[in-house]
Amino acid sequence: MTFDSKAWLAEAGALIGDAHVLAEEHGDDLTSYTQDWGGKFQGRALAVVRPGNTTEVQAIVKLAARTKVALVPQGGNTGLCGGSTPDDGSRQVVLQLGRLNRVREIDTENNTATVEAGCILQAVQEQAASVDRLFPLSLGAEGSCQIGGNIATNAGGVQVLRYGNTRDLVLGLEVVLPNGELLDVLRGLRKDNTGYDLKQLFIGSEGTLGIITAATVKLYPAPRSKVVAFAGMKSIAQAVCLLAAMRHQLGERFTAFELLSAPAVDLVHCYFPDTPALLEANWPWYVLMEAADGGSDEALREAMQDALMSCLENGALEDVLLASNLAQGNALWMLRENITHAQKMDGGNIKHDISLPISAIPAFVDNALLMLDNAFPGARPIVYGHLGDGNLHFNIAAAADVDPGHWQLRTGEVNKAIYDIVSARRGSISAEHGIGQLKRHELAHYKTAMELDIMHRIKAALDPQGLMNPGKVLQ
Ligand code: FAD
Ligand code: 2HG
Ligand code: ZN
């Protein structure tokens, strides 16, 4: 039977309202939904549908299942692996969750918030702050990514050191399964050993197993004080010693430990010339640290200062700046967050979001930089990331005399060279960004046959028609 796209659009319109079904056939411009944030992936879609509640999501999923139309779930479309970009479109529909943006409940006694998937991450943080709580997930895209997208990618960010990944923050989920049925495990329990923990399957599944429509997440006491420091050092080995010493001295108060290489800092200065110089001397490596707690600013500053001074004496750092106020702390964070934006402006960088045991990072970096020097002379490594979690963004920009477009053509070669080193050390080729369509071929290569087989069997059990975000994660 031929597929009648007009009839499909009309039926979808009848289910959720014509105004919420966007289509080229209706003269709508779908570009902002059919290309990714980084401009690496462009697709097309039969339509973009924007249901307004869980029942409407179910209705759309049932329609898609009956008519064999594939669905591409989309949150804020800030993902870095092309996970929310459709393919060439004739039979793919983007299911955009932005209208599911209600806060269903905040329970201050249970320290939980139950929010719909389309809530912007920053809005969830603000809701938590309004009741004197902290929702600790924090990342550069927090002004536009959605909590559903964060859960679907198991996002990391800059406070994993203290609070864990998104997975560690989710207590319950509501999920529309690929046949349109509702899996309701939206519970706010910190203990629940009643068999398999089904919600975990959907966390990090990148829209391939179902549509997350709501979540119950953990809240924490809002910190009263916060201090930020910026240190320079000669080597990553020093930074690893610094991490251990600071954690030892500050314990639970230590919330962030971000590594920045000199080329990453220089790139920010180049594209954001107003960025202030922070230390007098230049160092090959820098670390941005943050501590927070429920006590006074003075006491926390003193504890941070004591810890930093003993690290300076012990040779774990060469130079350090303790931010004197909130504005200076924010400027330090801005420098860190702007690396991604500077790289986008610079063009053509090949991203590697890798993780290793923290103890293995210095040798990995030495090894990988040497390999690059030999195999890709002139290539510019822009290394930075969440060293406190053993997660580096080991991104490689084109040599100054190489066209960024040509450099992109070497992605497969560069990836193999880096990932072989990561894999030999039992690391991960995707620490926090996911697989999407960017790394699905590499996943097939670097995961074991047993892991892949189990993943395929789970996918087939939940999505036998293969309509939930096809071509993502699994090949
Ligand atoms: P989208 O990009 O819309 O989708 C991502 C994936 O999730 C897709 O596969 C999509 O199909 C699926 N999906 C989305 N919503 C749902 C849903 N409701 N149900 C089922 N599947 C769904 N990531 C980090 O981990 N740490 C960082 O520090 C970080 N920093 C970033 C900084 C910048 C400047 C940018 C642009 C990105 C950054 N990211 C980071 C990547 C990105 O922001 C995260 O992956 C984020 O969690 C994606 O959320 P989103 O709502 O934009 O999802
Ligand atoms: C970050 O930590 C993000 O800034 C983005 O995860 C990393 O752009 C990147 O490679
Ligand atoms: Zn990151």
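Bear in mind that the values here come from a model prediction, so they are computed numbers and not experimental data.

*Asks:* For this particular structure, what's the right way to read the pairing of strand β17 (residues 380–386)?
*Replies:* Remember that side chains alternate between the two faces of the sheet whenever the strand is regular. Counted residue by residue, β17 has five buried out of seven residues, so it is predominantly covered. Inspection of the sheet shows strand β13 (residues 254–261) paired to β17 by two bridges, in the antiparallel sense. Bridge pairing in β17 links leucine 260 to tyrosine 384. Counting the residues that bridge the hairpin from β17 to strand β18 (residues 391–397) gives four residues, and of these glycine 390 lies at a positive phi of roughly 70°.

*Asks:* Please clarify how the coordination of the zinc ion (ligand 3) should be interpreted in this entry.
*Replies:* Six octahedral donors around a metal ideally sit at 90 or 180 degrees from one another, while four tetrahedral donors ideally sit at 109.5 degrees. Donor atoms from the polypeptide that coordinate the zinc ion (ligand 3) comprise His386 (NE2), His393 (NE2) and Glu432 (OE), at 1.8 to 2.1 Å from the metal. Motif for the zinc ion (ligand 3), donor spacing along one chain: H-x6-H-x38-E. Highlighted residues: histidine 393 in strand β18 and glutamate 432 in the loop between α15 (411–424) and α16 (440–446), separated in sequence by 39 residues.

*Asks:* I tried to follow the UniProt feature "domain: FAD-binding PCMH-type" (unreviewed entry) in the protein on my own but got confused; where do I start?
*Replies:* Here the UniProt-annotated "domain: FAD-binding PCMH-type" (unreviewed entry) positions come out as residues 41–222. Between the end C-alpha atoms of residues 41–222 the distance is 39 Å, and the span holds 24% helix and 25% strand.

*Asks:* Looking at this structure, how should I read the site of ligand 1?
*Replies:* Around ligand 1, the structure places 37 residues, and the nearest of them are Pro73, Gly75, Gly76, Thr78 and Gly79. Residue glycine 79 places a main-chain N or O atom 2.8 Å away from an oxygen atom belonging to ligand 1. Separating a nitrogen atom of ligand 1 from a backbone N or O atom of glycine 157 is a distance of 3.3 Å. Relative to its free-state accessible area of 980 Å², ligand 1 is covered by the protein chains to the extent of 97%. Of all the elements in the fold, those that place two or more residues in the shell around ligand 1 are β3 (70–74), α5 (147–153), β10 (211–218) and α12 (326–346). Grouping the constituent residues of the shell around ligand 1 by class yields twelve nonpolar, 23 polar and two charged.

*Asks:* What exactly am I supposed to notice about the pattern of salt bridges here?
*Replies:* Side chains bearing opposite charge may pair, as long as their charged atoms lie close to each other. Enumeration over the complete set of coordinates arrives at 17 salt bridges. The closest approach of N and O atoms between arginine 44 and glutamate 24, which form a salt bridge, is 2.6 Å. In this pair, arginine 44 is assigned in the loop between α2 (31–34) and β2 (47–49) and glutamate 24 in the loop between β1 (21–22) and α2, connecting sequence segments 20 residues apart. As a salt-bridge pair, arginine 410 and glutamate 413 come within 2.8 Å of each other at their nearest N and O atoms. A relative accessible area of 43% places glutamate 413 in the partly exposed class. One connected set of salt bridges, linked through shared partners, spans Arg102, Arg104, Glu116 and Glu174.

*Asks:* Looking at this structure, how should I read the nonpolar core?
*Replies:* What tends to happen in soluble globular proteins is that the nonpolar side chains get buried as a cluster. Core analysis: the largest hydrophobic core is formed by 55 residues, its most contacted members being Trp8, Val49, Leu95, Phe135 and Leu173. Each residue touching valine 49, except ones within four places of it in the same chain, is listed here: Trp8, Ala12, Ile16, His20, Val21, Ile60, Val93, Val94, Leu95 and Gln96. Grouped together as the second largest cluster of nonpolar side chains are 54 residues, Ala229, Ala303, Met371 and Val383 included.

*Asks:* Which parts of the structure should I look at to understand the sheet that holds β13?
*Replies:* Within a sheet, neighbouring strands are paired by backbone hydrogen bonds and run either parallel or antiparallel to one another. Spatially, seven strands are ordered β15-β12-β14-β13-β17-β18-β16 in an open sheet, and the strand pairing comes out antiparallel. Two strands close off the open sheet at either side, each with one partner strand: β15 (319–322) and β16 (353–355). When the angles between neighbouring strand axes are averaged without regard to direction, this sheet yields 20°. Strand direction decides the pairing type here: strand β12 (residues 225–233) and strand β14 (residues 285–293), joined by nine bridges, are antiparallel. If you follow phenylalanine 230 over to β14, its bridge partner there is leucine 288. Along the sheet, helix α10 (residues 262–271) contacts β13, β14 and β17; its crossing angle with β17, the most-contacted strand, is approximately 95°.

*Asks:* Even after reading the chapter, I still don't get unusual backbone geometry, so can you show me in this structure?
*Replies:* Only a minority of non-glycine residues have a phi that is not negative, and only a minority of peptide bonds are not trans. One non-glycine residue with positive phi stands out, namely asparagine 469, at about 50°. Within the secondary structure, asparagine 469 sits in the segment after α17 (449–462). Here asparagine 469 falls in the buried class, since its relative accessible area comes to 1%. Even without glycine at this site, valine 473 takes up a positive phi of about 65°.

*Asks:* What should I look at first to understand the packing of aromatic side chains in this one?
*Replies:* What characterises a pair of aromatic rings is the spacing of the ring centres plus the angle enclosed by the ring planes. A complete count under the given rule lists six aromatic pairs for this structure. Here phenylalanine 230 and tyrosine 286 contribute two aromatic rings whose centre-to-centre distance is 5.3 Å and whose plane-to-plane angle is 10°, an arrangement assigned as stacked. Here phenylalanine 230, found in strand β12, pairs with tyrosine 286, found in strand β14; they are 56 residues apart in sequence, far enough to count as distant. Here tyrosine 286 falls in the buried class, since its relative accessible area comes to 6%.

*Asks:* Explain the site of ligand 2 to me, please; I cannot follow it from the model alone.
*Replies:* In the neighbourhood of ligand 2, the contacting residues comprise Leu80, Arg336, Thr340, Lys351, Tyr384, His386, His393, Asn395, Glu432 and His433. In this structure, tyrosine 384 approaches ligand 2 through a side-chain N or O atom, which is 3.2 Å from an oxygen atom. Within the side chain of asparagine 395, an N or O atom sits 3.0 Å from an oxygen atom of ligand 2. Those elements that provide at least two residues to the shell around ligand 2 are α12, β17 and β18. Looking at the shell around ligand 2 residue by residue, the classes come out as two nonpolar, five polar and three charged.

*Asks:* What's the story with the packing of α10 against α12 in this structure? I'm lost.
*Replies:* The packing of two helices is summarised by the inter-axis angle and the distance between the axes. For the pair α10 and α12, interaxial distance at closest approach is 8 Å and the crossing angle is 70°. Judged on the interaxial angle alone, α12 and α10 are roughly perpendicular. Here α10 contributes Ala264, Val265, Leu267, Val268 and Tyr271 to the contact with α12, which in turn contributes Leu335, Asn338, Ile339, Ala342, Gln343, Met345 and Asp346. The class makeup of the residues in the contact of α10 with α12 is nine nonpolar, two polar and one charged.

Conventions used here
Residues numbered from 1 in each chain as written. Chains lettered and ligands numbered in written order. Predicted model: local features only at pLDDT ≥ 70, side-chain atom pairs only at ≥ 80, totals over all residues. Heavy atoms only, no water. Buried < 20%, exposed > 50% of the residue type's maximum accessible area, 1.4 Å probe, protein only. Helix = DSSP H or I, 4+ residues; strand = E, 2+ residues; numbered from the N terminus. Pairing = 2+ DSSP bridges. Donors = N, O, S within 2.8 Å, 3.2 Å for Na, K, Ca; no water. UniProt positions renumbered as here; feature names shortened; annotations may be inferred. Near = heavy atom within 4 Å. Polar contact = N/O pair within 3.5 Å; in protein donor to acceptor, adjacent residues only side chain to side chain. Areas by Shrake-Rupley, 256 points an atom, 1.4 Å probe, with all protein chains shown as cover. Nonpolar A, V, L, I, M, F, W, Y, C, P; charged D, E, K, R; others polar. Salt bridge = Lys/Arg side-chain N within 4 Å of Asp/Glu carboxyl O. Core = buried A, V, L, I, M, F, W, Y, C linked by side-chain atoms within 4.5 Å. Contact = heavy atoms within 4.5 Å. Axes fitted to C-alpha atoms, helices over the stretch in contact; angles between N-to-C directions. Phe/Tyr/Trp six-rings, centres within 6.5 Å; stacked < 30°, edge-to-face > 60°. Parallel < 35°, antiparallel > 145°, perpendicular 65-115°, else oblique.

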